[in-house]
Amino acid sequence: ESSTTREEDVLPKDFVATLPAREGWSEPLVQYHNYWFRPWHLERILLVKQAFVPRADDIILATQPKCGTTWLKALAFTITNRSRYGFSDHPLLTHHPQHLVPFIQIRGAGTSHTDIESLESPRLFATHTPMSLLPPDMRSLGCRVVYLCRDPKDTLVSRLHFENKAFPGTNLSMDGAFSMFCEGFSPYGPFWDHCLEYWRESVARPDSVLFLKYEEIKSDPAQVVKKLAKFLGVPLTEEEVSFGVAREVVRLCSFETLTSLQVNQVGSVRHGDSGSIGSSAFYRKGEVGDWANHMSQEMGDKLDRIVQLKLEGSGLKF
Ligand code: A3P
């Protein structure tokens, strides 16, 4: 008689509890289908996979944490709702971007999971879930997915600061975080596998999956706004282009504008069942290349080599 618990026989919570946990980050992570998760995140992912009913016009913003989720939420929300809201009384001026676009897998971040069912179409969601663990119907229905990734060195540095700031009592060192990350042991990691799954899908189905990089938005944000609008089925009109709407969107969603607003400085963002995270923890520097201020050139080179090897032959490069 086998003593292993079969996933389909028990509640997600009970199943997750049977998985081996590994310590190192602010809380122990469990491994499932190659990826590492906070236990309650995985529980939510399994619930979503079972119960979430996708609609063909759902839009999913997919990221690994710290790759620019907050920025992408602000941009996509502003683009898709631009006929409803003017720039002077825009919801972003009074709401945290994390609240405007709910995570499908985190109840309580934004609207609750049950409210998700009653949202008007087209619905805009975010997720950190790896492509292979999304509800399979999303693929067959052709839901549009925007994936945003970021240079792994900057992602790691951002992760380290976030862990130490957002989870009181955590005091991770750069060296410790570096070696875990290089092993592929990080929340929603291995970093490279997460990127690769979405990358391959974007190559195979470019009309359904748009692959973006943080650095690309940084270097030409207005161009990315236009690209996003087109991909999401709401291209900028000639009139909008001549009125500089792309630039307005960029300005509203910029690091400078968002961090100047009180809603992003004080208070907190509900983070599912596990409590809250300070609103300001989602903003730090918002720069490309800050890794060099926190790790040595040798460490940077080592991580680059690891990632390069993992991505070899895929066409994806950082
Ligand atoms: P840094 O820690 O490097 O500053 P996520 O939203 O996925 O948690 O990612 C957080 C990272 O995105 C942080 O990076 C944060 O500063 C940056 N960020 C947040 N809002 C941004 C914005 N409007 N423009 C550019 N970067 C932003």
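Residues numbered from 1 in each chain as written. Predicted model: local features only at pLDDT ≥ 70, side-chain atom pairs only at ≥ 80, totals over all residues. Heavy atoms only, no water.

Within an unreviewed UniProt entry, the label attached to the protein chain reads Sulfotransferase, and the organism entered is Triticum aestivum.

Draft legend 1. Summary view of unusual backbone geometry. Note that the residue after Ser-121, namely Pro-122, is joined by a cis bond; omega there is -10 degrees. Relative to the assigned elements, Pro-122 resides in the loop between helix 5 (113-118) and strand 5 (124-127). Geometrically, the link from Gly-189 to Pro-190 is a cis peptide bond, its omega value of 5 degrees lying close to zero. In this fold, Pro-190 is placed in the loop between helix 8 (174-182) and helix 9 (191-204). If you check the backbone angles, His-33 has positive phi at about 45 degrees while not being a glycine. With respect to the helices and strands, the residue His-33 is situated in the loop between strand 2 (29-32) and strand 3 (35-37). Even without being a glycine, Lys-66 presents a positive backbone phi close to 80 degrees. Topologically, Lys-66 is positioned in the loop between strand 4 (59-63) and helix 3 (69-80). On the accessibility criterion, Lys-66 (12% relative accessible area) is buried. (Helix = DSSP H or I, 4+ residues; strand = E, 2+ residues; numbered from the N terminus. Buried < 20%, exposed > 50% of the residue type's maximum accessible area, 1.4 Å probe, protein only.)

Draft legend 2. Quick peek at the packing of helix 11 (residues 221-231) against helix 13 (residues 245-252). Close contact between helix 11 and helix 13 brings their axes to 9 Å; oriented N to C, the two are set at 110 degrees. Of the possible angle classes, the one that applies to helix 11 and helix 13 is roughly perpendicular. On helix 13, the residues that touch Pro-221, Ala-222, Val-225 and Lys-226 of helix 11 are Ala-246, Val-249 and Val-250. Grouping the amino acids of the contact of helix 11 with helix 13 by side-chain chemistry returns six nonpolar, no polar and one charged. (Axes fitted to C-alpha atoms, helices over the stretch in contact; angles between N-to-C directions. Parallel < 35°, antiparallel > 145°, perpendicular 65-115°, else oblique. Contact = heavy atoms within 4.5 Å. Nonpolar A, V, L, I, M, F, W, Y, C, P; charged D, E, K, R; others polar.)

Draft legend 3. How the structure looks around helix 15 (residues 297-311). The end-to-end C-alpha distance of helix 15, which contains 15 residues, comes to 21 Å, matching closely the 21 Å that a straight helix rising 1.5 Å per residue would cover. Here helix 15 has its buried residues at Met-299, Gly-300, Leu-303, Ile-306, Val-307 and Leu-311. Projected down its long axis, helix 15 shows its buried positions confined to an angular sector of 130 degrees, all on one face. Every exposed residue of helix 15 that faces more than 90 degrees away from the buried side is listed here: Glu-298, Arg-305, Gln-308 and Leu-309. (Expected span 1.5 Å × (residues − 1). Arc of directions from axis to C-beta.)

Draft legend 4. View of the pattern of salt bridges. In this structure the tally under the stated criterion is 16 salt bridges. A salt bridge links Asp-9 to Arg-6; its shortest N-O distance comes to 3.0 Å. With a closest N to O distance of 2.7 Å, Arg-82 and Glu-240 form a salt bridge. With Arg-82 in the loop between helix 3 and helix 4 (97-100) and Glu-240 in helix 12 (residues 238-242), this residue pair connects regions lying 158 residues apart in the sequence. The two residues Arg-82 and Glu-240 agree in class, both being buried. A network of salt bridges, in which partner residues are shared, links Glu-27, Arg-38, Arg-159 and Glu-163. (Salt bridge = Lys/Arg side-chain N within 4 Å of Asp/Glu carboxyl O.)

Draft legend 5. Expanded view of the side chain of Asp-290. Positionally, Asp-290 belongs in the loop between strand 9 (276-278) and helix 15. On the accessibility criterion, Asp-290 (2% relative accessible area) is buried. In terms of polar contacts, Asp-290 uses its side chain to reach the side chain of His-294, at 3.3 Å. For Asp-290, the contacting residues outside a window of four places in its chain are Asp-154, Val-157, Arg-284 and Lys-285. (Polar contact = N/O pair within 3.5 Å; in protein donor to acceptor, adjacent residues only side chain to side chain.)

Draft legend 6. Expanded view of the site of the ligand. Surrounding the ligand, one finds 19 residues, the nearest of these being Lys-66, Thr-69, Thr-70, Ser-158 and Lys-285. Within the backbone of Lys-285, a nitrogen or oxygen atom sits 2.7 Å from an oxygen atom of the ligand. Protein coverage of the free-state accessible area of the ligand, which is 570 Å², stands at 97%. Looking at the shell around the ligand, the elements with two or more residues in it are helix 3 and helix 14 (255-260). (Near = heavy atom within 4 Å. Areas by Shrake-Rupley, 256 points an atom, 1.4 Å probe, with all protein chains shown as cover.)

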